[in-house]
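Inside the fold
Below, each chain spelled out in residue letters.
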Amino acid sequence: MQTKAFSATRPSRMETARVARKVTAQATASAPATPKASVSSGSDPLMLRALRGEAVERPPVWMMRQAGRYMKVYQDLVKKHPSFRERSENVDLSVEITLQPWHAFKPDGVVLFSDILTPLAGMNIPFDIGSGNGPVIFEPIRTLEQVKKVSKLIPEESCPFVGESLRQVREAVGSSAAVLGFVGAPFTLATYIVEGGSSKNFAHIKRLAFGQPEVLHALLDKLADNVADYCRYQADTGAQVIQIFDSWASELMPQDFDVFAGPYIKKVINSFRATHPHVPIILYISGGGGLLERMAACNPDCVSIDQSVDIVDGIKRIGTGFAVQGNMDPGILFGSKSTIEARVMDVIKKARSQGVRHVMNLGHGVLPGTPEENVATYFEVARTAHQRW
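Let me sum up the structure you'll find in this document.

Once that is clear, we can look at unusual backbone geometry. With an omega of -5°, the peptide bond running from Gly-326 to Asn-327 counts as cis. Here Asn-327 shows up in strand β8 (residues 323–328). Even without a glycine there, the phi angle at Lys-106 is positive, about 50°. Inspection of the secondary structure puts Lys-106 in the loop between α5 (91–105) and β1 (109–111).

Right, here's the structure in full:
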């Protein structure tokens, strides 16, 4: 029986740009259309073709945090190399870890093993990532004088290992999978920089936001420029898709997102798209169910929806012009094989019913302790979805 390919109708970039200029952060945004590639090739990775809106037989699949903590081969490597920064900044180790899940599960997207804080050292912001206490910013930035010392990022000088790792990963996977790079959004980077690391109540950055907003805006503006340059560097060295993580933006009230997060995400996207219009951009906000319309107004190519929202409801809120990513609860991967099969197909069928471009993913990163055989089931079901619907 012949399988029917699926695709979605897409507006032109010019049409979308005209609409997007009229969209406020409070309104449902019209979607950007990634410009047509100069040559549309069936040999390109499935994920790229799906994001462009080409007809594909099934949605591509990958998992956030798919490289790392739940895999025994990674855990064994950690025993020999306990430093996270060594693992992520040594090219041989980063490439090996990045490719571990690709060898095991053959996802359609291969995301670089790295961290959103990696470029900070190149901005004159020294940091470390401990094995037990997470990231530590040695000199938290809370004054305008400190902001002035934040330097322009030159990634090829400060983190050349990222570029070399991406080159090697791209060479290893060829056209079998899309290579993903990623960055932290300005507000999320600022929370670490201002708080001095992870935080439970975000008191320092909120004190800055509501007490000395000019200081925070100065920091966010510098970060946005540097993040856009970091996106460019990753795309130039092998990344075919860029995902922006704004992990802590959901800690803001929506009206404050419009001031301290949304404008700087837009600045990154607009700057990067001006030089790399054919590289799709995915935007993900953890706990961002209440911000979907605002995420859409930032004008990414793909909105990654977390598990707090039914995917059909989410699509109805942002419109069908965007590609969507997500959104299975990663906790389901602790369940039975039949449960995993049913829930993967539930997400895929729901997205397909709305006529959108869809990238199957979790609503959050895969959790530590997730059984590898269950991850294998997740990928197998998604890869054969077109034989199941």
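Moving on from the coordinates now.
Time to look at the nonpolar core. One finds Met-47, Met-63, Met-328, Leu-333, Val-344, Met-360 and Tyr-378 to be the most contacted residues of the largest nonpolar core, which totals 127 residues. Examining the composition of this core, we find that 11 residues originate from one element, helix α11 (residues 213–236), more than from any other. With near-sequence residues (within four places) excluded, Met-47 lies in contact with Pro-60, Trp-62, Asp-108, Gly-109, Ala-178, Leu-180, Val-241, Ile-282, Gln-325 and Val-359.

Moving on, we get to the pattern of salt bridges. Applying the stated criterion across every chain yields a total of 18 salt bridges. The salt bridge involving Asp-44 is made with Arg-52; its shortest N-O contact spans 2.9 Å. Classification of Asp-44 by relative accessible area gives partly exposed; the value is 21%. Taking relative accessible area as the criterion, Arg-52 reaches 18% and is therefore assigned buried.

Below, the discussion takes up helix α8 (residues 160–173). The end-to-end C-alpha separation of α8 is 20 Å, in line with the 20 Å expected for 14 residues at 1.5 Å each. Every buried residue of α8 is accounted for by Phe-161, Val-162, Gly-163, Ser-165, Leu-166, Val-169 and Val-173. Structurally, α8 contributes buried residues whose contacts are with α4 (84–89), α5, β1, α7 (155–158), β4 (178–184) and α11. A positive backbone phi angle near 55° is found at Gly-174, which sits one or two residues after α8.

Another aspect to go through is the sheet that holds strand β7 (residues 302–304). If you trace the 7 strands from one edge of the open sheet to the other, you get β1-β4-β5-β6-β7-β8-β9, paired in parallel fashion. Both outer strands of the open sheet, β1 and β9 (358–362), are each paired with one neighbouring strand and no more. Direction aside, the axes of adjacent strands within the sheet are offset by 25° on average. When β8 meets β9, the two strands line up parallel, connected through 5 bridges. Paired with Met-328 across the bridge in β9 is Leu-362. Packed on one face of the sheet, helix α15 (residues 311–318) meets β7, β8 and β9 and runs near 155° to β8. Packing of helix α16 (residues 337–353) onto the sheet brings it into contact with β8 and β9, and relative to β9 it is tilted by some 150°.

Calculation criteria
- Every chain begins its residue count from 1, and numbering advances along the sequence as written.
- Under the rules for a predicted model, residues below a pLDDT of 70 receive no local features and side-chain atom pairs below 80 are neither given nor counted, while totals for whole chains, interfaces and linings still include all residues.
- Where side-chain values are given, they derive from all heavy atoms of the structure, hydrogens and water being excluded.
- Helix numbers and strand numbers start at the N terminus; a helix is a DSSP run of H or I with at least 4 residues, a strand a run of E with at least 2.
- Nonpolar cores were defined as sets of buried Ala, Val, Leu, Ile, Met, Phe, Trp, Tyr and Cys residues, with membership established by side-chain atoms within 4.5 Å.
- Three exposure classes are used, based on accessible area relative to the maximum for each residue type with a 1.4 Å probe and protein chains only: buried under 20%, partly exposed in between, and exposed over 50%.
- Any two residues whose heavy atoms approach within 4.5 Å are treated as being in contact.
- Think of a salt bridge as a Lys or Arg side-chain nitrogen and an Asp or Glu carboxyl oxygen that are within 4 Å of each other.
- Here a helix's expected span is defined as the number of its residues, less one, multiplied by 1.5 Å.
- For two strands to be treated as a pair, DSSP must find at least two bridges joining them.
- Throughout, an axis means a line fitted to C-alpha atoms (over the contacting stretch in the case of helices), and angles, computed between N-to-C directions, take values from 0 to 180 degrees.

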